[in-house]
Amino acid sequence: MLTLDLPTFPVLETERLRLRQTTLDDAQVIFAMVSSTTVMQYIPNPLATTVKEAEDYIHSLDERMKNDECINWTIVDKASGAVIGTMGFYRMKLQHYRTEVGYMLLPAFYGKGYASEALQRLVDFGLNDLGFHSLEAVIYPENKGSIRVVEKCGFVREAYFKEKEYHNGKFVDTAIYSKLNY
């Protein structure tokens, strides 16, 4: 079984981005994302209606990280210092050396290469530093932008599930993309 030894929270950097631990100071930006119909269009969670829900989400991430269930980062633009999104390993299955990756960005930062830049750093960290054997992304097939992001980072489609989830009043298909460590 994979064991994680993270005495301090790992801060990751790319040319333009810094990925750091999510804190309660990020609650307003998290709320802006989880209350946005644009951001949440392909994420099967209800829209948040209060900042307290964002704060509760941050607390839940902290709890889940303590239990080795996830690791979540806030993505910061190094040039401006602006928080632009979040990214992390969710549904970690340490016994199988596998985890799911997930991310969300504020819409103002779509289409600028930030998601793929951050994801590539996360992939490198997960496979090379933490020792995961495989990473997966669960994506709605209509989410062409996210598919481009994962494919740019070397993920390939592994599976396709018809009407797997119920979201926004309808059953939706999901596709599983993965990247193996070799």
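These numbers come from a predicted model, not from an experiment. Residue indices begin from 1 for each chain and proceed along its sequence in written order. pLDDT decides what is reported in this predicted model: residues at 70 or higher carry local features, side-chain atom pairs at 80 or more are listed and counted, and totals for whole chains, interfaces and linings draw on all residues regardless. Excluding hydrogens and water, the side-chain values take into account all heavy atoms of the structure.

Enquirer: Can you explain the layout of surface pockets? Please cite residues and give values.
Expert: In this analysis the probe radius is 1.4 Å and the grid spacing 1 Å, with only protein atoms considered; a cavity is a set of points the probe fits into but cannot get out of, a pocket is an open set with protein on both sides within 12 Å along at least five of seven lines, and lining residues have an atom within 4 Å of a point. Grid points are joined across faces, edges and corners, and a volume is the space filled by probe spheres set on the points. Reported here for the largest pocket is a volume of approximately 1500 Å³. Along the wall of the largest pocket there are 50 residues; nearest its centre are Tyr42, Ile43, Gly102, Tyr103 and Met104. Under the scheme used here, helices are H or I runs from DSSP no shorter than 4 residues and strands are E runs no shorter than 2 residues, and both carry numbers assigned from the N terminus. Counting residues per element, the ones that place at least two in the lining of the largest pocket are α2 (51-66), β4 (83-93), β5 (98-105), α3 (114-130), β6 (134-139), α4 (144-152) and β7 (156-167). Take the lining of the largest pocket: its biggest share by element is 8 residues, from β5. Think of it as three bins: nonpolar holds Ala, Val, Leu, Ile, Met, Phe, Trp, Tyr, Cys and Pro, charged holds Asp, Glu, Lys and Arg, and polar takes everything else, Gly as well. For the lining of the largest pocket, the per-class residue count stands at 25 nonpolar, 12 polar and 13 charged. For the second largest pocket, the calculated volume is near 230 Å³. Considering every element that reaches the lining of the second largest pocket, the biggest residue donor is α2, with 3 residues. A per-class count over the lining of the second largest pocket returns 8 nonpolar, 2 polar and 3 charged.

Enquirer: Break down the pattern of salt bridges for me, with residues and values.
Expert: A pairing counts as a salt bridge when a side-chain nitrogen of Lys or Arg comes within 4 Å of a carboxyl oxygen of Asp or Glu. A full pass over the atoms with the stated rule returns 11 salt bridges. With a shortest N-O distance of 3.7 Å, Glu13 and Arg18 are connected by a salt bridge. For the exposure calls, accessible area comes from a 1.4 Å probe over protein chains only, and a residue counts as buried if that area is under 20% of its type's maximum, exposed if over 50%, partly exposed in between. By relative accessible area, Glu13 is classed as partly exposed at 41%. Among the residues examined, Arg18 registers a relative accessible area of 34% and is labelled partly exposed. In this structure, Arg16 and Glu117 form a salt bridge, with 2.6 Å as the shortest nitrogen-oxygen distance. You can see Arg16 sitting in the loop between β1 (12-13) and β2 (17-21) and its partner Glu117 sitting in helix α3, a full 101 residues away along the chain.

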